[in-house]
Amino acid sequence: MTVREALSGAVEQFEAAGLDDSRLDARVLLEHSLDQSTVWIYQHPETPLPTEANARFDSLIRRRLMGMPIAYLLGSREFYGRVFQVDARVLVPRPETEVLLEAALEYARETRAATFVDVGTGSGILAITLALEIPACRVWAVDRSADALAVAGLNVDRHGVADRVNLLLGDLLTPVSFSADVIVANLPYVPTAEVDQLQREVRQEPRGALDGGSDGLDLYRRLLTEVPRVLSPRGALFFEIGDQQGAAARLIVQAVLPGHRVRVLRDLADRDRVISAIAERE
Ligand code: GLN
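Rules used throughout
Residues numbered from 1 in each chain as written. Predicted model: local features only at pLDDT ≥ 70, side-chain atom pairs only at ≥ 80, totals over all residues. Heavy atoms only, no water. Pairing = 2+ DSSP bridges. Helix = DSSP H or I, 4+ residues; strand = E, 2+ residues; numbered from the N terminus. Axes fitted to C-alpha atoms, helices over the stretch in contact; angles between N-to-C directions. Salt bridge = Lys/Arg side-chain N within 4 Å of Asp/Glu carboxyl O. Buried < 20%, exposed > 50% of the residue type's maximum accessible area, 1.4 Å probe, protein only. Parallel < 35°, antiparallel > 145°, perpendicular 65-115°, else oblique. Left-handed = near helix turned anticlockwise from the far one by under 90°. Contact = heavy atoms within 4.5 Å. Nonpolar A, V, L, I, M, F, W, Y, C, P; charged D, E, K, R; others polar. Expected span 1.5 Å × (residues − 1). Arc of directions from axis to C-beta.

*Asks:* Account for the sheet that holds strand β3 (residues 115-119), with residues named and values stated.
*Replies:* On the basis of which strands lie adjacent, the open sheet formed by 7 strands has the order β5-β4-β3-β6-β7-β9-β8 and mixed pairing. Strands at the two margins of the open sheet, each flanked by one partner only, are β5 (165-169) and β8 (260-266). Across the sheet, the mean angle from the axis of one strand to that of its neighbour is 15°, orientation sign disregarded. Two elements, strand β7 (residues 231-240) and strand β9 (residues 272-279), share 5 bridges in a ladder whose sense is antiparallel.

The following block contains the structure:
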């Protein structure tokens, strides 16, 4: 079988299965199987597929047809221009989370914030990107899942930030015993009843990273009870929410941080996505 035949065969199977991005999925899985670039694939349509690559490609196609997210099949996903290792132990990084990152970065650059806590770090994308973008800062990255922290650890090493990113196992802010300039969090926020209605791909992700209780805000409500103990009085809090949660989340934060300006930031699709709480200037 040639490269061209392998590609078109996979596209046909994916289209028959009703996948959204059949051609793209087939191409990136073939690239991964061959360890070759997109350009190479298009320049070598008649090259026969080596047996091993063919076997790898078949197995990837099978798992994709079962609904496995592309990021897990490839073992990586890009976030803010850098590649992070991911697998089924962590949520797949989403582009929307860059809205949260950019809000935190802007605040940190303006105020010279130096101490960050990332609650529910998962694969570590927020903690590690903050460490790389804000050169002298220190980041404490917390997760209640030891499995997730193992993945975060791989990414900390991969990006060479082990000296400035500390991984802590525990519930929310429990393992944090110092004061932080900035707290960021992407906690589970999908309402329980909606978790089983999610796309098949999303349901392959850890339920513990998605299920946020009856209205999706249970973990954020608990987090906010702990925030005053850890957040420095002039510090800032940024967290990701679902597109129906802006108003409710804003109220929860305002009740706990009355001296902060609380705003709902929107993603590129113009949906509520991030809560930003910054101390009011005198
Ligand atoms: N954005 C994810 C989704 O909609 C949810 C992420 C989360 O709960 N933190 O599937």
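Back to the write-up after that little detour.
*Asks:* A description of the pattern of salt bridges should follow, citing residues and the corresponding values.
*Replies:* Taken as a whole and judged by the stated rule, the model has 17 salt bridges. Linking Arg 64 and Glu 201 is a salt bridge whose minimum nitrogen-to-oxygen distance equals 3.0 Å. One end of the pair, Arg 64, is in helix α4 (residues 51-65); the other, Glu 201, is in the loop between α9 (192-195) and α10 (218-230), and 137 residues separate them in sequence. You'll find Arg 64 and Glu 201 in the same group, each marked buried. The salt bridge involving Arg 266 is made with Asp 270; its shortest N-O contact spans 3.1 Å.

*Asks:* Describe the packing of helix α1 (residues 3-16) against α4, and please don't skip the residues or the numbers.
*Replies:* Interhelical geometry of α1 versus α4 gives an angle of 15° and a closest axis separation of 11 Å. With respect to each other, α1 and α4 are oriented roughly parallel. In terms of crossing hand, the pair formed by α1 and α4 is right-handed. Listed contacts from α4 to Ala 6, Ala 10, Gln 13 and Phe 14 of α1 are Phe 57, Ile 61, Arg 64 and Leu 65. Tallied by class, the residues present in the contact of α1 with α4 amount to 6 nonpolar, 1 polar and 1 charged.

*Asks:* Tell me about the environment of Pro 206, and please be specific about residues and values.
*Replies:* Along the chain, Pro 206 turns up in the loop between α9 and α10. Sequence-wise, Pro 206 and Ala 148 are 58 residues apart; in three dimensions their C-alpha atoms are separated by 9.6 Å.

*Asks:* Describe α1, and please don't skip the residues or the numbers.
*Replies:* Between its first and last C-alpha, α1 extends 20 Å over 14 residues, near the 20 Å set by a 1.5 Å rise per residue. Those residues of α1 lying buried are Val 3, Ala 6, Leu 7, Ala 10, Val 11 and Phe 14. Along α1, the residues classed as buried sweep out an arc of 130° about the axis, all on the same side. Residues of α1 that are exposed and point over 90 degrees away from its buried face: Glu 12, Glu 15 and Ala 16. Considering only its buried residues, α1 is in contact with α2 (22-34), α3 (38-43) and α4.

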